[in-house]
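Okay, here's what each chain looks like letter by letter:
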Amino acid sequence: MTNNVSKVIIFLNMDIDSAGVLCAEMVVKCGICWENKDSYARIQGTQRQIDNFELWACEFFKQEVVLGECIESIALEKLKARELTLATAESCTGGLIGYRFTRISGASSVFMGGVISYANTIKEQILEVSKNSLQDFGAVSKPIVEQMLHGALKRFGADVAIASSGIAGPSGGSRQKPVGSVFIGVQAADSSPMVEQHFFPTSNLNTPAKHHQPIDYASATLSYNITAREYIQLEASTKAIEMLIKYLNDK
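An account of the accompanying structure is given in this report. What you are looking at is a predicted structure, and each value in this text was computed from that prediction instead of being measured.

## Points about the overall build of the protein chain
What the protein chain contains, in helices and strands, is eight helices and 11 strands. In terms of overall dimensions, the protein chain is globule-like: its C-alpha atoms have a radius of gyration of 19 Å, near the 18 Å expected for 251 residues. Burial analysis of the protein chain (251 residues in total) assigns 50% to the buried set. Considering only contacts within the protein chain whose residues lie at least 6 apart along the sequence, 65% involve residues at least 24 apart.

See the structure below:
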């Protein structure tokens, strides 16, 4: 009996639905299974089937596609290849980004550490975020994430940093910044920051009841019952890692 293997495939400048349409013929031809994961896909098949599809995808999409065991391992391999170190500054994700890296064996060669700056006082004291900026813009804002990135780079002496600040709910939202709003940033020590605002709606979840949500941390898909709050944290951590991969690819 042949054991199936699986890989994550990420398209850097294309939504996953469009990529799926372009890949549909080869998916059938190679005999692999394709499963959408919102902004990336997981493919599964025999080693030969996966190798054949990967060869075609890399030739067809060139530098616009990356494949690996999981998105965390893809990011770590890119950092290792460039001999870059990484640090994190997290608020709403509560250390989840750091955990997703450190669960991968060998992450210590890249990942230096992180700060869970949940309280504004910690943002100020550890990451040197301006108190005036917190008052003027609020903790969930682009200027604050930019300062969190700068603070993480300085505090850890890292080459690259990731930062997150958002509203995971169920309370704390507003009309301007509803629950599910998250600012995520990536920055290299010698470059300008890339900060994006994302919104992760939970209207499709049965809140406040728990929702059966697959958590695709690695090659094995685990299923847990998670709340809407945890869903937002998980989606934000995934988007942060995807942004890091795209940032490294564009540099």
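Still more ground to cover, so stick around.
## Some remarks on the layout of surface pockets
Roughly 230 Å³ of internal volume is contained in the second largest pocket. What lines the second largest pocket is a set of 16 residues, and nearest its centre among them are Phe11, Leu12, Lys239, Glu242 and Lys246. With four residues, helix 8 (residues 228-250) is the largest single contributor of residues to the lining of the second largest pocket. Residues of the lining of the second largest pocket, tallied by class, amount to seven nonpolar, three polar and six charged.

## Examining the environment of Gly138
One can find Gly138 in the loop between helix 6 (131-137) and helix 7 (142-156). Of the residues examined, Gly138 reaches a relative accessible area of 21% and is grouped as partly exposed. Put simply, Gly138 and Asn120 are 18 residues apart on the chain and 9.6 Å apart in space, counted from C-alpha to C-alpha.

## Remarks on helix 2 (residues 47-61)
Compared with the 21 Å implied by 1.5 Å per residue over 15 residues, the 21 Å span of helix 2 between its first and last C-alpha is a close match. Those residues of helix 2 that fall on the buried side of the exposure criterion are Ile50, Phe53, Glu54, Trp56, Ala57 and Phe61. Along its buried surface, helix 2 packs onto strand 1 (5-11), helix 1 (16-30), strand 2 (33-37), strand 3 (40-45) and strand 4 (65-68). Looking at the residues trailing helix 2, positive phi occurs at Lys62, about 55°.

## Here's the deal with the nonpolar core
In this structure, Ile10, Leu86, Phe101, Val160, Ile162, Leu244 and Ile245 are the most contacted members of the largest nonpolar core, which totals 38 residues. Breaking this core down by element, the ones donating at least two residues are strand 1, helix 3 (71-81), helix 4 (96-102), strand 7 (160-166), strand 8 (181-188) and helix 8. Counting 18 residues, the second-largest nonpolar core is a separate cluster that includes Ala19, Cys30, Phe53 and Trp56.

## Digging into the packing of aromatic side chains
Tallying each qualifying case throughout the model produces eight aromatic pairs. With a centroid separation of 6.2 Å and 35° between ring planes, the pair formed by Phe11 and Trp34 is classed as tilted. Note that Phe11 is positioned in strand 1 and Trp34 in strand 2, a separation of 23 residues in sequence. Consider the rings of Trp56 and Phe61, whose centres lie 5.9 Å apart with planes at 85°: the pair is edge-to-face. Here a set of aromatic residues connected by ring pairs shows up, and it is made of Phe11, Trp34, Phe53, Trp56, Phe60 and Phe61.

The rules behind each value
Residues numbered from 1 in each chain as written. Predicted model: local features only at pLDDT ≥ 70, side-chain atom pairs only at ≥ 80, totals over all residues. Heavy atoms only, no water. Helix = DSSP H or I, 4+ residues; strand = E, 2+ residues; numbered from the N terminus. Rg over C-alpha atoms; globule rule 2.2 N^0.38 Å. Buried < 20%, exposed > 50% of the residue type's maximum accessible area, 1.4 Å probe, protein only. Contact = heavy atoms within 4.5 Å. 1 Å grid on protein atoms, 1.4 Å probe; cavity = no way out; pocket = protein on both sides within 12 Å on 5 of 7 lines; lining within 4 Å. Points joined across faces, edges and corners; volume = space filled by probe spheres on them. Nonpolar A, V, L, I, M, F, W, Y, C, P; charged D, E, K, R; others polar. Expected span 1.5 Å × (residues − 1). Core = buried A, V, L, I, M, F, W, Y, C linked by side-chain atoms within 4.5 Å. Phe/Tyr/Trp six-rings, centres within 6.5 Å; stacked < 30°, edge-to-face > 60°.

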